[in-house]
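Geometric and topological summary
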Amino acid sequence: MKIKISRHYLYILLISVFLLLFVLVFSFGLLIPKGKEYRESRLELRKENVELRKYQDFYDKTLKTLKDLQSKNRHIITAFDATFNPDRFEKKYKTFFSSLHVMKVERSKDEEGFATYEVNTTSKISSPKNFYNFLDALNKADWIIGVNFPIDFKREGEMIKSSFTMKVYTNNKDKNSTASESVNK
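In short, a report on the structure. (Residues numbered from 1 in each chain as written. Predicted model: local features only at pLDDT ≥ 70, side-chain atom pairs only at ≥ 80, totals over all residues. Heavy atoms only, no water.)

Description of the overall build of the protein
- Each helix and strand in the protein was counted, giving five helices and four strands.
- Along the chain direction, N to C, the helices and strands of the protein fall in the order α-α-α-β-β-α-β-β-α.
- Per-residue burial for the protein yields a buried fraction of 18% across its 185 residues.
- In the protein, once contacts between residues fewer than 6 apart in sequence are set aside, the share between residues at least 24 apart is 62%. (Helix = DSSP H or I, 4+ residues; strand = E, 2+ residues; numbered from the N terminus. Buried < 20%, exposed > 50% of the residue type's maximum accessible area, 1.4 Å probe, protein only. Contact = heavy atoms within 4.5 Å.)

The structure is reproduced here in structure tokens:
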């Protein structure tokens with residue numbers, strides 16, 4: 001028994017077998033491994049997107065908190081950058097005292113990020129209440145000022161003579177600018 005197959009059918013059969021083998025080799029050799037890589041990459045991307053969303057939410061909350069604090073504490077931020085002027089200080093706070101003298105503005109040891117100035121002050125007041133009103137007014141001052149203890153009160157007739165030292169804190173622009181210049185070099 002002879003099977004008669006024409007040449008065209010034989011070519012079609014050989015091409016079909018070749019294409020079937022090519023599709024099998026291509027799919028098992030290239031598509032399936034790349035599909036696994038794709039699924040693994042997609043899972044990793046989802047994890048990274050979840051983590052990115054968490055960091056973005058944290059960033060948004062922190063930025064909102066920063067903006068709120070900056071708006072609430074604008075006075076403090078501007079006071080940090082203000083330079084201390086003893087004459088302006090005396091003029092502004094003389095109303096709390098019968099007499100006020102600011103002496104010896106000396107730059108003391110610089111602390112991290114800001115310069116500190118020691119200021120010696122003598123004054124005469126009619127009652128301690130005026131002094132406490134002065135301390136309350138210092139909290140709203142144009143500068144960041146800390147009154148150091150002890151505060152010396154001495155009675156002189158009807159008046160009370162007080163002397164105390166203050167620390168005035170200002171932005172240390174010199175230190176920051178030299179540090180940034182050395183980083184740039």
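Things to note about the pattern of salt bridges
- Across all of its chains, the model carries one salt bridge by this definition.
- Here K64 makes a salt bridge to D68, at a shortest N to O gap of 3.5 Å. In this pair, K64 and D68 are both assigned in helix α1 (residues 7-72), four residues apart and thus about one turn of the helix distant.
- A residue is classified by how much of its surface remains accessible, and K64, at 56% relative accessible area, is exposed. (Salt bridge = Lys/Arg side-chain N within 4 Å of Asp/Glu carboxyl O.)

Focus on a positive patch on the surface
- There is a patch of like positive charges on the surface, built from K36, R39, R42 and R46.
- Structurally, R46 is set in helix α1. (Patch = residues over 30% accessible without salt bridge, like charges linked within 9 Å, V, L, I, M, F, W, Y side chains within 5 Å. Areas by Shrake-Rupley, 256 points an atom, 1.4 Å probe, with all protein chains shown as cover. Lys, Arg positive; Asp, Glu negative; His and termini not counted. Charge placed at Lys NZ, Arg CZ, Asp CG, Glu CD.)

Some points on the packing of aromatic side chains
- Applying the stated rule across the entire model yields one aromatic pair.
- Aromatic pair F22 and F26: ring centres 5.9 Å apart, planes at 15°, arrangement stacked. Here F22 and its partner F26 are both found in helix α1, four residues apart, which amounts to about one turn of the helix.
- Since its relative accessible area comes to 46%, F22 is described here as partly exposed. (Phe/Tyr/Trp six-rings, centres within 6.5 Å; stacked < 30°, edge-to-face > 60°.)

Description of the pairing of strand β3 (residues 144-156)
- In the sheet, β3 pairs with strand β4 (residues 159-171) via ten bridges, with the strands oriented antiparallel. Bridging across to β4, F153 finds its partner in S162.
- Hairpin connection between β3 and β4: a loop of two residues separates the two successive antiparallel strands, and G157 in this loop has a positive phi of roughly 70°. (Pairing = 2+ DSSP bridges.)

Remarks on helix α3 (residues 86-93)
- Three or more residues of α3 are buried, namely F89, E90 and Y93. On an axial view of α3, the arc spanned by its buried residues comes to 95°, and they lie on one face. Pointing more than 90 degrees away from the buried face of α3 are the exposed residues D87 and K91. (Arc of directions from axis to C-beta.)

Some remarks on a negative patch on the surface
- Taken together, E37, E40, E44, E48 and E51 make up a surface patch of like negative charges.
- By secondary structure assignment, the location of E37 is in helix α1.

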